[in-house]
Amino acid sequence: MEKSIITIMMASLMSIVITISLITAIPNAYSQQENQQQEKYVLLNQWGSEGEAAGQFSQPADIAIDSKDNVFVTDITAASSKAVQKFNKNGTFISSWGQAGYGQGSFARASDIATDAQDNVYVVDANNPNQVVQKFTNNGTFLTAWGSHGFGDGQFINPIGISVDSKNNVFVSDFGANNHIVKFDNNGTLITEWGTAGNGDGQFLSPLAIANDLVDNVYVDDYGNDRIQKFQNNGEFLAKFGTSGNSAGQFQDPEGVALDSKDNIYVADTNNHRIQKFDNNGNFITMWGSEGTGDYQFIEPTSIAVDSQDNVYVVDMGAQKIKVFALSSTTG
């Protein structure tokens, strides 16, 4: 997400929650001495640069992958008609859609993106007051839209994250003062919502990315509390992990979360400029990345997705790049 926008919103939200305690509920094996045989990830591919041509980006924000491993990337300040760009798994540009505006198929600020079991594409528009979620076919044909801004049931102040479970239920996070997660069916009918401002179990301080595991549990990137929270599909709190810091298992303003085919959890630890991997119980497995422009470095990793082969795709907004990593056959 755009740093300036997040800074402004966080300043306005600090009056809601005065202090944030550092919380951890799941024991995590964070000691570097205990992880001398950490998994290693190698760079497979990267693409993108700053610009307005096909395959270039202005501020790439989020990424999603469909069942055929096509890759969709949102660009929140894109010029012309490429708020959403579609690539094949190798980074070859396929198509784009989404001009600036407020009508069907247009975006004021396309933020997060997700796909469903039929490979339809859902995009959150953070700045559109009457079309929070837009649904498209895999090729960008508009299907439907729903959602509005406000404090009522199913409404948002700053909708910013989205995920879709195996039953095609849609989950949207509200980074604004509502600090909640809202669950809809895939036509926009409200099912349930949960969350309030705070640092207790099931509370949030600016929830961002959302992801679902193989049994449709919901993982929420609780940005302001530097942690990940895990819920049942109906919003019942299950667990949490993470504290503020730069050691293994700690976060500084995490902005992305994703799961692989084994329900391992990947977190884009944005202001630590790295990716961290955990098992489904929140136990630390490995991490990679540092600040910079090298192959294994990031400037501002904002989003993460995993394909059918468990390759890890990272959006580096600061570098206007997509980087793809695979688990190495060697560790140590």
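Bear in mind that the values here come from a model prediction, so they are computed numbers and not experimental data.

A.B. asks: What is the right way to read the layout of surface pockets from this model?
C.D. replies: Empty space among the atoms becomes visible once a probe the size of a water molecule is rolled across them. Computed from the structure, the largest pocket encloses a volume of approximately 930 Å³. Taken together, 41 residues make up the lining of the largest pocket; nearest its centre are I65, V164, N212, L259 and V306. Those elements giving two or more residues to the lining of the largest pocket turn out to be β2 (60-65), β6 (110-115), β10 (159-164), β14 (207-212), β20 (256-259) and β24 (301-306). A class-by-class count of the residues in the lining of the largest pocket yields 18 nonpolar, nine polar and 14 charged.

A.B. asks: In this structure, what is going on with the sheet that holds strand β16 (residues 227-231)? I would like to understand it.
C.D. replies: Overall, antiparallel pairing links the four strands, which are arranged β14-β15-β16-β17 in an open sheet. A single partner strand is all that each edge strand has here, and the edge strands are β14 and β17 (237-241). Sheet twist, expressed as the mean angle between neighbouring strand axes with direction ignored, is 20 degrees. Relative to strand β15 (residues 218-222), β14 is paired through four bridges, and the arrangement is antiparallel. Following the sheet pairing, I210 is matched in β15 by V220.

A.B. asks: I would appreciate a short explanation of the environment of E291 in the present structure.
C.D. replies: Residue placement: E291 occurs in the loop between β23 (284-288) and β24. Classification of E291 as exposed rests on a relative accessible area of 55%. In sequence terms E291 and P301 are ten residues apart; their C-alpha atoms lie 9.8 Å from each other. If we ignore the near neighbours within four places in the chain, the residues touching E291 are H273, Q297 and F298.

A.B. asks: Looking at this structure, I do not really get the pattern of salt bridges. What am I missing?
C.D. replies: Side-chain pairing between opposite charges can occur once the charged atoms of the two side chains come close. Per the stated rule, a full pass over the model turns up eight salt bridges. For K240, the salt bridge identified is with D201, shortest N-O distance 2.4 Å. Of this pair, K240 sits in strand β17 while D201 sits in the loop between β13 (190-194) and β14, and the two are 39 residues apart along the sequence. On the basis of relative accessible area, D201 is assigned to the partly exposed category, the value being 45%. Between R227 and D222 there is a salt bridge, with its nearest N and O atoms 2.8 Å apart. Taking the relative accessible area as the measure of exposure, D222 reaches 0% and is therefore buried.

A.B. asks: Even after reading the chapter, I still don't get the sheet that holds β24, so can you show me in this structure?
C.D. replies: Across a sheet, paired strands are connected by hydrogen bonds in the backbone, their directions being either parallel or antiparallel. Taking strand neighbours across the sheet as the criterion, the four strands line up as β1-β26-β25-β24 in an open arrangement whose pairing is antiparallel. Of all strands in the sheet, those with a lone pairing partner are β1 (41-47) and β24, marking the two edges. Pairwise comparison of adjacent strand axes, ignoring direction, gives a mean angle of 25 degrees for this sheet. Relative to strand β26 (residues 321-327), strand β25 (residues 312-316) is paired through five bridges, and the arrangement is antiparallel. Bridge pairing links V314 to K323 in β26.

A.B. asks: What is the right way to read the packing of aromatic side chains from this model?
C.D. replies: The way to describe two aromatic rings as a pair is by their centre distance and the angle between their planes. Summed over the entire model, instances satisfying the criterion amount to 25 aromatic pairs. Look at F171 and W194: their rings are 6.4 Å apart centre to centre, the planes differ by 70 degrees, and that puts the pair in the edge-to-face class. Pair noted here: F171 is in strand β11 (residues 170-174) and W194 is in strand β13, with a separation of 23 residues, a long-range link. An identical accessibility class is assigned to F171 and W194; each is buried. Grouped by ring-pair contacts, the aromatic residues Y41, Y266, W288, Y296, F298 and F325 constitute a single cluster. Over the aromatic face of F298 sits the side chain of K323, whose NZ or CZ is 5.5 Å from the ring centroid.

A.B. asks: Mind showing me how you'd approach the environment of I157 here?
C.D. replies: One can find I157 in the loop between β9 (142-146) and β10. Sequence separation between I157 and A177 is 20 residues, and the spatial gap between their C-alpha atoms is 6.3 Å. Ignoring sequence-local partners within four residues, the contact set of I157 consists of H149, G150, F151, D174, G176, A177 and N178.

About the thresholds
Residues numbered from 1 in each chain as written. Predicted model: local features only at pLDDT ≥ 70, side-chain atom pairs only at ≥ 80, totals over all residues. Heavy atoms only, no water. 1 Å grid on protein atoms, 1.4 Å probe; cavity = no way out; pocket = protein on both sides within 12 Å on 5 of 7 lines; lining within 4 Å. Points joined across faces, edges and corners; volume = space filled by probe spheres on them. Helix = DSSP H or I, 4+ residues; strand = E, 2+ residues; numbered from the N terminus. Nonpolar A, V, L, I, M, F, W, Y, C, P; charged D, E, K, R; others polar. Pairing = 2+ DSSP bridges. Axes fitted to C-alpha atoms, helices over the stretch in contact; angles between N-to-C directions. Buried < 20%, exposed > 50% of the residue type's maximum accessible area, 1.4 Å probe, protein only. Contact = heavy atoms within 4.5 Å. Salt bridge = Lys/Arg side-chain N within 4 Å of Asp/Glu carboxyl O. Phe/Tyr/Trp six-rings, centres within 6.5 Å; stacked < 30°, edge-to-face > 60°. Lys NZ or Arg CZ within 6 Å of the ring centre and 35° of its normal.

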